[in-house]
Amino acid sequence: MNPDLLSSLRLELRRGCLVIAVLAQLRAEHYGYTLRKALAEQGLAIDESTLYPLLRRLETQGLLVSEWRDEDKRTKRFYRLSPDGKAMLKELMVEWQTINASVSRIFGRRSAA
Amino acid sequence: MEALDHYLKYVKIFLPRAQQDDIIRELSEDIQSQAEDKEAELGRPLNRMEQKQLVGRLGHPALLAGRYGPRRQLVGPELFPFYWRVLTLALGANLLAHGIAMAVSFASGRLVNPTLRAVSAGFGLFITFGVVTIVFAVLDYARPKAIFGRRWDSSRMDTNTVVRVRRGSHPISRLVTGIIFMAWWVAAHRSPALILGAGSEVFQLGPVWDSVYPWILTFALVSIVNAGLDLLHVIRPQPTRVHFAMKLIGSCGGLAVLIFLLTTGDFVVLADASAPSTRLDFSLKVINQSIYWGLAIGSVLLAGLAMIELRAWNREGSAQQPPHPRARGFVPGK
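Every value quoted in this text rests on a predicted model; they were computed, and no experiment measured them.

**Student:** Mind showing me how you'd approach the pairing of strand β2 (residues 64–71) of chain A here?
**Tutor:** Side chains on a regular strand alternate between the two faces of the sheet. All names here are of chain A. Strand direction decides the pairing type here: β2 and strand β3 (residues 74–81), joined by eight bridges, are antiparallel. Across the sheet, Glu 71 pairs through a bridge with Arg 74, a residue of β3. Counting the residues between successive antiparallel strands, the hairpin from β2 to β3 contains two residues, one of them, Asp 72, with a positive phi of roughly 50°.

**Student:** Explain the sheet that holds β3 of chain A here, please?
**Tutor:** In any sheet, the strands associate via hydrogen bonds between backbone groups, in a parallel or an antiparallel arrangement. Strand order in the open sheet formed by three strands is β1-β3-β2 (chain A), with antiparallel pairing between adjacent strands. The open sheet has two edge strands, β1 (30–31) and β2 of chain A, and neither has a second partner. Of the strand pairs in this sheet, β1 of chain A and β3 of chain A are connected by two bridges, and their pairing is antiparallel. Bridging from a neighbouring strand, Tyr 31 of chain A pairs with Phe 78 of chain A of β3 of chain A. Helix-sheet contacts for helix α3 (residues 48–60) of chain A involve β2 and β3 of chain A, and the interaxial angle to β2 of chain A is about 125°. Each of β1, β2 and β3 of chain A touches helix α2 (residues 20–42) of chain B; the most contacted strand, β3 of chain A, lies at about 105° to it.

**Student:** Honestly, the nonpolar core in this entry has me stumped. Any pointers?
**Tutor:** Burial of nonpolar side chains together is a common tendency in soluble globular proteins. Counting residues in hydrophobic clusters, the biggest one holds 39 residues, and the most contacted among them are Val 22, Leu 23, Leu 55, Leu 58 and Leu 64 of chain A together with Val 11 and Leu 27 of chain B. Elements with a minimum of two residues in this core: α1 (3–25), α2 (32–41), α3 and β3 of chain A together with α1 (2–14), α2, α3 (48–56) and α4 (61–66) of chain B. Per-element tally for this core: the top contributor is α1 of chain A, with seven residues. Dropping the residues within four chain positions of it, Leu 55 of chain A is found in contact with Val 22, Leu 26, Leu 35, Leu 64 and Tyr 79 of chain A.

**Student:** Please explain the packing of α2 of chain A against α2 of chain B as it appears in this structure.
**Tutor:** How two helices sit against one another is set out by the angle between their axes and by the gap between those axes. Contact geometry of α2 of chain A with α2 of chain B gives a least axis separation of 8 Å together with a crossing angle of 60°. If you check the angle between α2 of chain A and α2 of chain B, you find them oblique. Facing α2 of chain A, whose interface residues are Gly 32, Tyr 33, Arg 36 and Lys 37 of chain A, α2 of chain B presents Asp 30, Ser 33, Gln 34 and Asp 37 of chain B. The residue makeup of the contact of α2 of chain A with α2 of chain B, split by class, is one nonpolar, three polar and four charged.

Cut-offs and rules
Residues numbered from 1 in each chain as written. Chains lettered and ligands numbered in written order. Predicted model: local features only at pLDDT ≥ 70, side-chain atom pairs only at ≥ 80, totals over all residues. Heavy atoms only, no water. Pairing = 2+ DSSP bridges. Helix = DSSP H or I, 4+ residues; strand = E, 2+ residues; numbered from the N terminus. Contact = heavy atoms within 4.5 Å. Axes fitted to C-alpha atoms, helices over the stretch in contact; angles between N-to-C directions. Core = buried A, V, L, I, M, F, W, Y, C linked by side-chain atoms within 4.5 Å. Buried < 20%, exposed > 50% of the residue type's maximum accessible area, 1.4 Å probe, protein only. Parallel < 35°, antiparallel > 145°, perpendicular 65-115°, else oblique. Nonpolar A, V, L, I, M, F, W, Y, C, P; charged D, E, K, R; others polar.

By themselves, these are just geometric observations and shouldn't be taken as functional.
This is the structure in structure tokens:
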């Protein structure tokens, strides 16, 4: 197996999943570090250099809102879903479940055959 | 943390100015939180080496900062196939031109310094690559979806367009090659070396090219307009008679220019007529014969193209006529 190809396909597969995972995790307010920890605890580790640019992109797209606030003697940037983000997450979840069900069916059919 | 401050200073250099402080503050906060967790786990402050390891994991500052920038590519995946086709065509034509120039200089017995020739060819290829890339980058910036439209209505598509696209003469390719040809023709008129290459030291273009220069320019423009109309036709498939008429004008006009050129003969002449030599005369004869036969083949091809356009014009004309009542199953009196 070509490891570079595997790595590139894995990256491609993860890219879309990360957006849904981040949006879903931000139904509750988080700052960057706790968000990363929460995602890692759920088995979806994501490094800083991927997460923070993604958060900014989602905020620019109007799906997240953020504010700087003091916590534990340090100023942190807290993120949460915007109303548009909530609606988008709902749509994306439907899409995700449809894709998941289709892929599962395809796998099921293959293993049955 | 000294290592963190040093690292973030480097990251800041590569960040967009308006967001620098905000991003650095957030990154700094994240690393400090990581360091605190690690210290709590170890039960002691991190030493210099551990701090460096923590920061080093983030990768090169430029790469980290680069992820914050807008994702931009010169030519996106939608236009890339057309870009690639035009680029290979243009580079191939350029190489061919240099090959011909080399042959001409060889035939004339005046071989230019090979290093100079290679540098000149490389520069020509580089310029071609740059021009094609810039044109496509501008098209890509205009958003391909705005050019192609978001929806595809196959019911309004006529088979001619599908055939044309399959044959590889996509309007975008023709539009770009047309623009490049026109730019090259204008430049070549001022500096014939673009056509004759090193041979321009010995030969020059005959006076006939001056008389056909505006006509070739006009028909190149007509061809660009036609490619533009074809592009519109792909976006909104509604062929009109004006559209076919423009194509016919392009083909017939081009044919007329070629036939006129065939009646002349002195396409290339000696630059210094006072210093004739048998070898140069022979080369000149071979070059003019080659151009003559090239133009003759071009005329036949263009005549065939004009016939096809004429048939398309007739077909479109009959398609726009209201169908005969019998053809529609109309029975008088019912």
